[in-house]
Amino acid sequence: MSRVLHVWLRGRHLAELEQLRNGRLRMRYDSEALDTWGIGARPLSLSLPLTEKRVQGDHLERFLDNLLPEGAVRGALERQHRIRPGDTFALLARIGRECAGAIQLTDDDGPAPDGHLVPLTAAEVDRIVSNLPTLEPPEGEVVSASLGGIQSKVLLTRTRDGWAWPAAGAMSTHIIKPEPVTDVGPADLIRWEDWTLRVARAAGLPAAHTELADFDGRLALVVERFDRTHGRRSHQEDFTQALGVAARDKYESGTGEERLRRIAVDAGVEAVDPVGFVTELVGQLAFNLIVGNGDAHSKNYSLAIDETATFSMAPLYDVAPVYLLNPMYQSFGHSLDGTGRLRHLTAGHLVRESTSWGADPEVVARTVATVATRVRTALGEVVAHGIDTARVAEGIDERARAALEVTGSAS
Ligand SMILES: Nc1ncnc2c1ncn2[C@@H]1O[C@H](COP(=O)(O)OP(=O)(O)O)[C@@H](O)[C@H]1O
Ligand SMILES: [Mg+2]
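Let me begin by describing the structure that accompanies this report. (Residues numbered from 1 in each chain as written. Chains lettered and ligands numbered in written order. Predicted model: local features only at pLDDT ≥ 70, side-chain atom pairs only at ≥ 80, totals over all residues. Heavy atoms only, no water.)

Before going further, it helps to examine the overall build of the protein chain. Looking only at helices and strands, the protein chain has 13 helices and 18 strands in total. Here the C-alpha atoms of the protein chain give a radius of gyration of 21 Å, agreeing with the 22 Å that 2.2 N^0.38 yields for 411 residues. Projecting the C-alpha coordinates of the protein chain onto the three principal axes gives extents of approximately 65 × 50 × 35 Å. A total of 411 residues make up the protein chain; the buried ones form 55% of that total. Surface accessibility of the protein chain: about 17,800 Å² in total, with carbon and sulfur atoms responsible for 49%. (Helix = DSSP H or I, 4+ residues; strand = E, 2+ residues; numbered from the N terminus. Rg over C-alpha atoms; globule rule 2.2 N^0.38 Å. Buried < 20%, exposed > 50% of the residue type's maximum accessible area, 1.4 Å probe, protein only. Areas by Shrake-Rupley, 256 points an atom, 1.4 Å probe, with all protein chains shown as cover.)

Another point: the packing of helix α12 (residues 361-381) against helix α13 (residues 390-406). At a minimum axis distance of 9 Å, the contact between α12 and α13 shows a crossing angle of 155 degrees. The orientation of α12 relative to α13 falls into the category roughly antiparallel. As α12 packs across α13, the resulting crossing turns out to be left-handed. Judged by residue contacts, Val368, Ala369, Ala372, Thr373, Val375, Arg376 and Leu379 of α12 engage Ala393, Ile396, Asp397, Ala400, Arg401, Ala403 and Leu404 from α13. Here the residues of the contact of α12 with α13 are counted per class, giving ten nonpolar, one polar and three charged. (Axes fitted to C-alpha atoms, helices over the stretch in contact; angles between N-to-C directions. Parallel < 35°, antiparallel > 145°, perpendicular 65-115°, else oblique. Left-handed = near helix turned anticlockwise from the far one by under 90°. Contact = heavy atoms within 4.5 Å. Nonpolar A, V, L, I, M, F, W, Y, C, P; charged D, E, K, R; others polar.)

Let's shift gears to the sheet that holds strand β7 (residues 154-159). In space, the six strands of this open sheet follow the order β6-β8-β7-β9-β11-β10, with antiparallel pairing throughout. Single-partner strands in this sheet number two, and they are β6 (116-119) and β10 (210-215). The average undirected angle you get between the axes of adjacent strands in this sheet is 40 degrees. Summarising the sheet, β10 and strand β11 (residues 218-224) pair through six bridges and their orientation is antiparallel. Residue pairing in the sheet places leucine 212 in a bridge with leucine 221 of β11. The sheet strands contacting helix α5 (residues 122-131) are β6, β7, β8 (162-167), β9 (174-178), β10 and β11, and the helix crosses β10 at an angle near 100 degrees. Packing of helix α6 (residues 189-202) onto the sheet brings it into contact with β9, β10 and β11, and relative to β10 it is tilted by some 155 degrees. (Pairing = 2+ DSSP bridges.)

We now examine the pattern of salt bridges. A full pass over the atoms with the stated rule returns 25 salt bridges. The partner of glutamate 98 in a salt bridge is arginine 228, and the shortest N-O contact between them spans 3.0 Å. With glutamate 98 in the loop between α4 (88-95) and β5 (103-106) and arginine 228 in strand β12 (residues 228-229), this residue pair connects regions lying 130 residues apart in the sequence. You can call glutamate 98 buried: its relative accessible area is 0%. Residue classification places arginine 228 among the buried residues on the basis of a relative accessible area of 8%. Note that arginine 261 is salt-bridged to glutamate 258, the shortest N-O span being 3.0 Å. (Salt bridge = Lys/Arg side-chain N within 4 Å of Asp/Glu carboxyl O.)

Moving on, we get to the environment of glutamate 52. As for its position among the elements, glutamate 52 is in the loop between α1 (31-37) and β4 (55-56). With residues up to four places along the chain from it excluded, the contact list for glutamate 52 reads Arg28, Leu34 and Ile39.

On to the side chain of lysine 153. The topology assignment puts lysine 153 in the loop between α5 and β7. For lysine 153, which is buried and forms no salt bridge, the nearest opposite charge comes from glutamate 70, at a distance of 7.1 Å. Among the polar contacts listed, one links the side chain of lysine 153 to the backbone oxygen of glycine 148, at a separation of 3.2 Å. Contact partners of lysine 153, with chain neighbours within four places excluded, come to Leu132, Leu135, Leu147, Gly148, Ile175, Ile176, Lys177 and Pro178. (Lys, Arg positive; Asp, Glu negative; His and termini not counted. Polar contact = N/O pair within 3.5 Å; in protein donor to acceptor, adjacent residues only side chain to side chain.)

Glancing now at α4. The buried fraction of α4 amounts to seven of the eight residues, a majority that puts the element mostly inside the structure. Of the positions making up α4, those classed as buried are Thr88, Phe89, Ala90, Leu91, Leu92, Ala93 and Ile95.

Right, let's get into the coordination of the magnesium ion (ligand 2). On the protein side, the magnesium ion (ligand 2) has Asn300 (OD1) and Asp318 (OD) as donor atoms, found 2.1 Å from it. Separated by 18 residues along the polypeptide, asparagine 300 in the loop between α9 (274-291) and β15 (302-305) and aspartate 318 in the loop between β16 (311-313) and α10 (322-325) bring together distant segments of the chain. (Donors = N, O, S within 2.8 Å, 3.2 Å for Na, K, Ca; no water.)

What follows deals with the sheet that holds β4. The strands making up a sheet associate through hydrogen bonds between their backbones, and the pairing can be parallel or antiparallel. Ordered in space as β4-β3-β2-β1-β5, the five strands form an open sheet in which the pairing is antiparallel. Looking along the sheet, the strands with just one partner apiece sit at the ends: β4 and β5. With two bridges joining them, strand β3 (residues 25-29) and β4 adopt antiparallel strand pairing. What sits directly across from methionine 27, in β4, is valine 55. Contacting β2 (12-19), β3, β4 and β5, helix α2 (residues 58-65) crosses the sheet at an angle of about 95 degrees to β3. Across the sheet, α4 lies against β1 (4-9), β2, β3 and β5, angled at about 55 degrees from β1, the strand it touches most.

A few words on the environment of leucine 345. Within the secondary structure, leucine 345 is located in the loop between β18 (339-341) and α11 (347-356). Leucine 345 sits in the buried class, given a relative accessible area of 6%. Counting along the chain gives 27 residues from leucine 345 to aspartate 318, while the straight-line C-alpha distance between them is 20 Å. Non-local contacts of leucine 345, meaning those with residues more than four positions away in its chain, are made with Leu289, Phe332, Leu336, Thr339 and Gly340.

Turning next to α13. With 17 residues, α13 extends 24 Å from end C-alpha to end C-alpha; this agrees with the ideal 24 Å at 1.5 Å per step. The complete set of buried residues in α13 reads Val392, Ala393, Gly395, Ile396, Asp397, Arg399, Ala400, Ala403 and Leu404. On the buried face of α13, the contacting elements are α6, α9, α10, α11 and α12. Positive phi appears at glycine 408, one or two residues downstream of α13, with a value of about 75 degrees. (Expected span 1.5 Å × (residues − 1).)

Structure, rendered in structure tokens:
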């Protein structure tokens, strides 16, 4: 098997990735990429600046590994493709032609694969979704797309004629995530996710568009990909990739890592407007704090990176008030002023944390207060489907009022 993979970004060749005999990976950026963006620019990842030298080491391997699913979903793909567990390179050679963001990996040197769409009948879509976590492609097809995360899901393309299977690196437009079959995690999780994302949007925060749909009796969340617009890929990476953190360490441990400071400062420098970037980050953190998202780890926030290698925050996704559903889920995922447990966290921690990065305390307080006020209004506007949100909404409202008190905006 080839020991070289080609790395494409927005359909243009960016780099060559090589697997060494000892299994480690090494990448070399193309000279055209250096000419386009210049040494030190970060068009692929905050953690992988352009350089003339070969890129190798943990950051590279973790970035690539974080393109793949986690846990049992990854295990199933490894078995399906007969790949040794943990062999990131070999799995990407099979399913790396369609990933999160605008990166594609291929084992031939081009051009970047367009793939093709295989139209699906409604019955085939029902079968594919209702069989998850077993991912059974349509007759004669294989899985050629990859996405991070722990939940089983399928990537499909919505066309004018219905759903299609994106084959051989074709672009998917939607993520279909059914209600998990195991009872790990709170009940009705995808209904909560759908409701919380609609609350976020009603509160004026950029967030993934979702709808709930029934596939032969199996309820699923249909998530519109925000990294696919007008038939083109836009680029993004999650915070683990930006920080060079392994998927298994997606929850910040609280031992001086300062993940949020690194995002705010390092990605902020690469933003059009660093102050605006920090405000977007604070807004998303405030939202997750207020709704009690006890699973807001580093794979549940992403950075968008545009054609000029400029950074902004990608919209919110994978949010749910899990702490208010079950206080066992109380990890905020990131440490705010040294604290990471939702039980102890207040808006005061967020204000102190972000001012420690150099953010203006007044701007931070205003941002948190705006999110809190708008969430309170949104709670009264957003209709829930199939879940009774009264108790959770009351809990969110209470947390929003507490945030307003901290920021001195309580009415
Ligand atoms: N709407 C979206 N548009 C683009 N990428 C998304 C979107 N939602 C999620 N993703 C990407 O897909 C990954 C998995 O989705 P997520 O909903 O977080 O699944 P899980 O519940 O398994 O964690 C995310 O980490 C992110 O990289
Ligand atoms: Mg997730």
